[in-house]
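What the coordinates show
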Amino acid sequence: MKLVIAIIKPFKLDEVREALSLLGVQGMTVTEVKGFGRQKGQTEIYRGAEYSTNMVPKIKLEVACPDALAGRVVEATQAAANTGAIGDGKIFVLDLVEAVRIRTGETGDIAL
C-alpha cells in the first residue's frame, strides 16, 4: 500500500477530488495548511496597509491506496492540480505498512 500526500492550491481541491473519484478512490483526508517553497510567500493589503507573509495557504490531501493504484493517483492529482504557475505544489508517495478499519478490524488493502 502507498500513502500519497499532495500539497495543492486551495481552489484546485474540487478538480482533484473529482479526478480521484473517477479512479475509484473512495476516501481522502483534507487539511488546510500553510507553508512556503519557491513561491516565497506573498504580499497582501489589509485595511489599507501592505504587509508580507511568508506562509501561503495550501491544501494537504492524503490518500491511502493499493500499490497498483498509486501511480494513477499521482498522475491524476498532478494533471488536475496543475495551473502552470509557481506554487502548484508537491506530491509525495510513502510506503504504507499497515491499515486497519476500526469498526471491523479488517487490515491491509481491504481496510482501505
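Everything in this summary refers to the structure shown in the same document. Everything numeric in this text was worked out from a predicted model, so none of it was measured. (Residues numbered from 1 in each chain as written. Predicted model: local features only at pLDDT ≥ 70, side-chain atom pairs only at ≥ 80, totals over all residues. Heavy atoms only, no water.)

Quick notes on the pairing of strand β1 (residues 2–8)
- Within β1, five of the seven residues are buried, which leaves the element mostly enclosed by the surrounding structure.
- Where β1 and strand β5 (residues 56–65) come together, seven bridges link them in antiparallel fashion. If you follow leucine 3 over to β5, its bridge partner there is alanine 64.
- Taken together, the seven bridges between β1 and strand β6 (residues 89–95) define a ladder with antiparallel strand orientation. By the bridge assignment for β6, leucine 3 is matched with leucine 94. (Buried < 20%, exposed > 50% of the residue type's maximum accessible area, 1.4 Å probe, protein only. Helix = DSSP H or I, 4+ residues; strand = E, 2+ residues; numbered from the N terminus. Pairing = 2+ DSSP bridges.)

Looking at helix α2 (residues 67–81)
- Taking 1.5 Å as the rise per residue, α2 with 15 residues should run 21 Å; its terminal C-alpha atoms sit 22 Å apart, in good agreement.
- When α2 is considered as a whole, its buried residues turn out to be Leu69, Ala70, Val73, Ala76, Thr77, Ala80 and Ala81. Along the axis of α2, the buried positions cluster into a sector of 140 degrees, meaning they face one direction only. Among the exposed residues of α2, those oriented more than 90 degrees off its buried face are Ala68, Glu75, Gln78 and Ala79. (Expected span 1.5 Å × (residues − 1). Arc of directions from axis to C-beta.)

Description of the nonpolar core
- Core analysis: the biggest nonpolar cluster contains 17 residues, and Ile8, Val16, Leu20, Val25, Leu61, Cys65 and Val73 have the highest contact counts within it.
- Mapped by element, the contributors of at least two residues to this core are β1, α1 (13–23), β5 and α2.
- Sequence-distant contacts of leucine 61, that is, excluding residues within four places in its chain, are made with Val4, Ile5, Ala6, Ile8, Leu13, Val16, Met28, Thr29 and Val30. (Core = buried A, V, L, I, M, F, W, Y, C linked by side-chain atoms within 4.5 Å. Contact = heavy atoms within 4.5 Å.)

Quick notes on the sheet that holds β5
- Pairing within the open sheet is antiparallel, and its four strands lie in the order β2-β5-β1-β6. The strands lining the two open edges of the sheet, one partner per strand, are β2 (29–35) and β6. Each strand of the sheet is rotated relative to its neighbour by a mean of 20 degrees, with strand direction disregarded.
- In this fold α2 packs onto β1, β5 and β6, with an angle of close to 5 degrees to the strand it touches most, β1. (Axes fitted to C-alpha atoms, helices over the stretch in contact; angles between N-to-C directions.)

These values are about where atoms sit, not about what they do.
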